[in-house]
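Spelled out from the first residue to the last, the chains are:
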Amino acid sequence: MAFSYIAVICALLCCVRSTILSVDQIPHIIPHEVIGRLTSTSFVLSQPLCYFNNQRQLPCTVNTCEIWSVIASGSGVHQFDTDKVTEASKILSASPYPDAFRGEGQKRYYITKLGVPRDFPCGNLPGIRYFKVGADGNCSTTNCNGILPAGYTVRVKYILIDPVTKMVASESKWSIPIILMTSRNSSSIDVSTWKRSGAMVVITVILSCSMAVLTLLLVAVLLGCVGSVRGRHDITTDPKSFSERGFSTIGIYSQTPGNALRPRLI
């Protein structure tokens, strides 16, 4: 009898599992270098563009279906894949954000909403389209987009929720593991490097100032030498012109009886 119940439950679970469609898409961190692309508590993903827009046999449309993201760490990946079947109609509240990563025994995943497929169309779109995991900071509501514990390794998938049944209608594949940066305690930072760097800056400034002073002195000496050479050149005159001006002969004519006029040099 017990075996029959188990068989029925398994059959039901298989039926539920078979209704979840899958798309061959994998979420990934955006390839562009932007501020906050990957930090110790958040990261930036490419949007689920065209993930669920062309699927058939969905219980909802591109205007009514809801795209959510699942952010999981460690065992949270397997836990979500189990909960989407065993807690199908309660999946959105099965692992509330504030408690998802607090201590052992938690499900280690949370779910947050992005929009409807119409907001994520197909085709090449202008600009950088992204979704930032952790954009809501230290929030406290069940499905808020809160930050992650520093240094965690997480994986992400996008899911499509039927707004009527609140069950998963379709899903993407899990992303590759995303390793968040590890924040360092300020007491563990080696400040001696900073001190050495500061000393080098002071030495560099002193040497630069000394070189500037020496350069100015050298320029002043050169200007003095040039001025001296110019002064001597102005006082000195051309010997030829000096002799012509100082020792020129002037012809003075005197007349003596019986003789022609002849010049007398003085």
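Predicted model, so just to flag it, every value in this text is computed and none were measured. (Residues numbered from 1 in each chain as written. Predicted model: local features only at pLDDT ≥ 70, side-chain atom pairs only at ≥ 80, totals over all residues. Heavy atoms only, no water.)

1. So, the overall build of the protein
On a plain count of helices and strands, the protein comes out with 5 helices and 10 strands. Out of the 266 residues belonging to the protein, those deemed buried represent 29%. Looking at the protein alone, contacts between residues at least 24 apart form 73% of all its contacts between residues at least 6 apart. Total accessible area on the protein is roughly 17,400 Å²; 62% of this is exposed by carbon and sulfur atoms. (Helix = DSSP H or I, 4+ residues; strand = E, 2+ residues; numbered from the N terminus. Buried < 20%, exposed > 50% of the residue type's maximum accessible area, 1.4 Å probe, protein only. Contact = heavy atoms within 4.5 Å. Areas by Shrake-Rupley, 256 points an atom, 1.4 Å probe, with all protein chains shown as cover.)

2. A look at the state of the cysteines
Any covalent bond linking the sulfur atoms of two cysteines counts as a disulfide. A complete count under the given rule lists 3 disulfides for this structure. Covalent S-S linkage joins Cys-50 and Cys-122, the inter-sulfur distance amounting to 1.8 Å. Sign of the S-S torsion, about 75 degrees for the bond between Cys-50 and Cys-122, identifies this disulfide as right-handed. Taken together, the residues Cys-50 in the loop between strand 2 (43–46) and strand 3 (66–73) and Cys-122 in the loop between strand 4 (109–115) and strand 5 (130–133) connect sequence positions 72 residues apart. Cysteine pairing for the protein (bonded cysteines numbered in sequence order): 1-4, 2-3, 5-6. (Disulfide = S-S within 2.5 Å.)

3. Examining unusual backbone geometry
Positive phi, close to 65 degrees, is recorded for Cys-50, a residue that is not glycine. The class for Cys-50 is partly exposed, based on a relative accessible area of 24%.

4. Regarding the environment of Asn-143
Among the structural elements, Asn-143 can be located in the loop between strand 5 and strand 6 (153–161). Take Asn-143: its relative accessible area is 24%, and that puts it in the partly exposed class. Taking the C-alpha atoms as reference points, Asn-143 and Lys-113, 30 residues apart in sequence, are found 7.2 Å from one another. Among the polar contacts made by the side chain of Asn-143, one reaches the main-chain carbonyl oxygen of Leu-92 at a distance of 2.7 Å. (Polar contact = N/O pair within 3.5 Å; in protein donor to acceptor, adjacent residues only side chain to side chain.)

5. Concerning the nonpolar core
Soluble globular proteins tend to bury their nonpolar side chains together. By size, the foremost hydrophobic cluster in this structure holds 28 residues, and its most contacted members are Phe-43, Leu-45, Tyr-110, Val-133, Leu-148 and Tyr-158. Where this core is concerned, the elements lending two or more residues are strand 2, strand 3, helix 3 (97–100), strand 4, strand 5 and strand 6. For this core, the leading source of residues is strand 6, giving 4 residues. Beyond its immediate sequence surroundings of up to four residues, Phe-43 is in contact with Ile-29, Gly-36, Arg-37, Leu-38, Phe-131, Lys-132, Val-133, Leu-148, Val-154, Val-156, Ile-178 and Leu-180. (Core = buried A, V, L, I, M, F, W, Y, C linked by side-chain atoms within 4.5 Å.)

6. Focus: the side chain of Asp-162
The residue Asp-162 is located in the loop between strand 6 and strand 7 (168–171) in this model. Despite its burial, Asp-162 pairs with no opposite charge, the nearest such side chain being Lys-166 at 8.1 Å. Discounting residues that sit within four places of it in the chain, Asp-162 has contacts with Pro-59, Cys-60, Met-167 and Ala-169. (Lys, Arg positive; Asp, Glu negative; His and termini not counted. Salt bridge = Lys/Arg side-chain N within 4 Å of Asp/Glu carboxyl O.)

7. Remarks on the pairing of strand 4
The buried fraction of strand 4 is high, at 6 of 7 residues. Examined bridge by bridge, strand 3 and strand 4 share 6 bridges and lie antiparallel to one another. Among the inter-strand pairings, Ala-72 is bridged to a residue of strand 4, identified as Tyr-109. (Pairing = 2+ DSSP bridges.)

8. Focus on the environment of Ser-73
Residue position: Ser-73 is located in strand 3. The buried category is assigned to Ser-73, whose relative accessible area is 5%. Setting aside chain neighbours within four positions, we find Ser-73 in contact with Phe-101, Arg-108, Tyr-152, Thr-153 and Val-154.

9. Topic: the packing of aromatic side chains
With the rule as written, the count across this model stands at 7 aromatic pairs. Members of the aromatic cluster, each reached through a chain of ring pairs, are Tyr-97, Phe-101, Tyr-110 and Tyr-152. (Phe/Tyr/Trp six-rings, centres within 6.5 Å; stacked < 30°, edge-to-face > 60°.)

10. A few points about the pattern of salt bridges
Overall, the coordinates contain 9 salt bridges when judged by the stated rule. Residue Asp-81 pairs with Lys-84 through a salt bridge whose shortest N-O separation is 3.5 Å. In this pair, Asp-81 and Lys-84 are both assigned in helix 2 (residues 76–86), 3 residues apart and thus about one turn of the helix distant. Exposure remark for Lys-84: the relative accessible area of 6% places this residue in the buried category. When the shortest N-O distance is used, the salt bridge between Asp-81 and Lys-157 registers 3.6 Å. In this pair, Asp-81 is assigned in helix 2 and Lys-157 in strand 6, connecting sequence segments 76 residues apart. The network of salt bridges with common partners includes Asp-81, Lys-84, Lys-157 and Glu-171.

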